[in-house]
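Below, each chain spelled out in residue letters.
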Amino acid sequence: MTPITPPTEAAGLLRRVLALLIDWFASTVVALLAVGVGSYGSGSDALATLIVFVLEVVILMWLTGASFGQRILGLRVVAMDGGRVTFPRVLLRTLLICLVIPALVMDSQGRGLHDRAAGSIVVRR
């Protein structure tokens, strides 16, 4: 079996982590506005942040190819054939990111398990 050649080189780890932190921070702010600042640190706040994060990443990535943080840092997510990532694959990828571990385990191409499962790669625009 021959390895799939990515459409371009994977984006660097630091840039991808920073994009994730921007997405999480933005999701936290939106969640706090939705559930109230007084609940910061509660279980409902954490759940609200996670829900906002999943919605933000899935919707923006499916429609534009990049989450809020990825767009700010000049990244995009593409399928291994260079095309758009389909909605089911975007959803799978995002849910695996929420589990954390799949995003930490990477292959020699710099792709996490979440990208391998979704058949995607994060590249610089």
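Above this text is the structure in question.
Residues numbered from 1 in each chain as written. Predicted model: local features only at pLDDT ≥ 70, side-chain atom pairs only at ≥ 80, totals over all residues. Heavy atoms only, no water.

1. Quick look at the nonpolar core
Formed by 14 residues in total, the largest nonpolar core has its most connected members in Phe53, Met61, Leu75, Val77, Val85, Val90 and Val122. Secondary structure elements with two or more residues in this core: helix H2 (43-64), strand E1 (75-79) and helix H4 (87-98). Ranked by the residues each element gives to this core, the list is headed by H2, at five residues. Here Met61 is in contact with Glu56, Ala66, Gln70, Val77, Val90 and Arg93, once residues within four sequence places are set aside. Core analysis: the second largest hydrophobic core is formed by five residues, Ala10, Val78, Met80 and Val123 among them. (Core = buried A, V, L, I, M, F, W, Y, C linked by side-chain atoms within 4.5 Å. Buried < 20%, exposed > 50% of the residue type's maximum accessible area, 1.4 Å probe, protein only. Helix = DSSP H or I, 4+ residues; strand = E, 2+ residues; numbered from the N terminus. Contact = heavy atoms within 4.5 Å.)

2. Thoughts on the pattern of salt bridges
With the rule as written, the count across this model stands at two salt bridges. Here Asp107 and Arg116 are joined by a salt bridge, their closest N and O atoms 2.9 Å apart. (Salt bridge = Lys/Arg side-chain N within 4 Å of Asp/Glu carboxyl O.)

3. Observations concerning the side chain of Arg93
By secondary structure assignment, the location of Arg93 is in helix H4. Among the polar contacts listed, one links the side chain of Arg93 to the side chain of Asp115, at a separation of 2.6 Å. Discounting residues that sit within four places of it in the chain, Arg93 has contacts with Met61, Gln70, Val77, His114, Asp115, Ala118, Ser120 and Val122. (Polar contact = N/O pair within 3.5 Å; in protein donor to acceptor, adjacent residues only side chain to side chain.)

4. Comments concerning H2
The periodicity of an α-helix, 3.6 residues per turn, causes residues three or four places apart in sequence to face the same way. For H2, which comprises 22 residues, the first-to-last C-alpha distance of 31 Å matches the rise-based estimate of 32 Å (1.5 Å per residue) to within 8%. Burial in H2 covers these residues: Asp45, Ala48, Thr49, Val52, Phe53, Val54, Glu56, Val57, Val58 and Met61. Packed against the buried residues of H2 are helix H1 (13-35), helix H3 (68-72), E1 and H4. Looking one or two places after H2, you find Gly65, whose phi comes out positive at around 85 degrees. (Expected span 1.5 Å × (residues − 1).)

5. What to know about the packing of aromatic side chains
Following the criterion strictly, the structure yields two aromatic pairs and no others. Ring plane angle 75 degrees and centroid distance 5.1 Å describe the contact between Trp62 and Phe87, whose orientation is recorded as edge-to-face. Separated by 25 residues along the polypeptide, Trp62 in helix H2 and Phe87 in helix H4 bring together distant segments of the chain. Under the relative-accessibility criterion, Trp62 is labelled partly exposed at 36%. (Phe/Tyr/Trp six-rings, centres within 6.5 Å; stacked < 30°, edge-to-face > 60°.)

6. Some points on the packing of H2 against H4
Interaxial distance between H2 and H4 falls to 9 Å at its minimum, and their mutual angle equals 145 degrees. The way H2 lies across H4 gives a crossing that is right-handed. Taking contact as the criterion, the partners of Leu50, Phe53, Val54, Val57, Val58, Met61 and Trp62 in H2 are, on H4, Phe87, Val90, Leu91, Arg93, Thr94, Ile97 and Cys98. (Axes fitted to C-alpha atoms, helices over the stretch in contact; angles between N-to-C directions. Left-handed = near helix turned anticlockwise from the far one by under 90°.)

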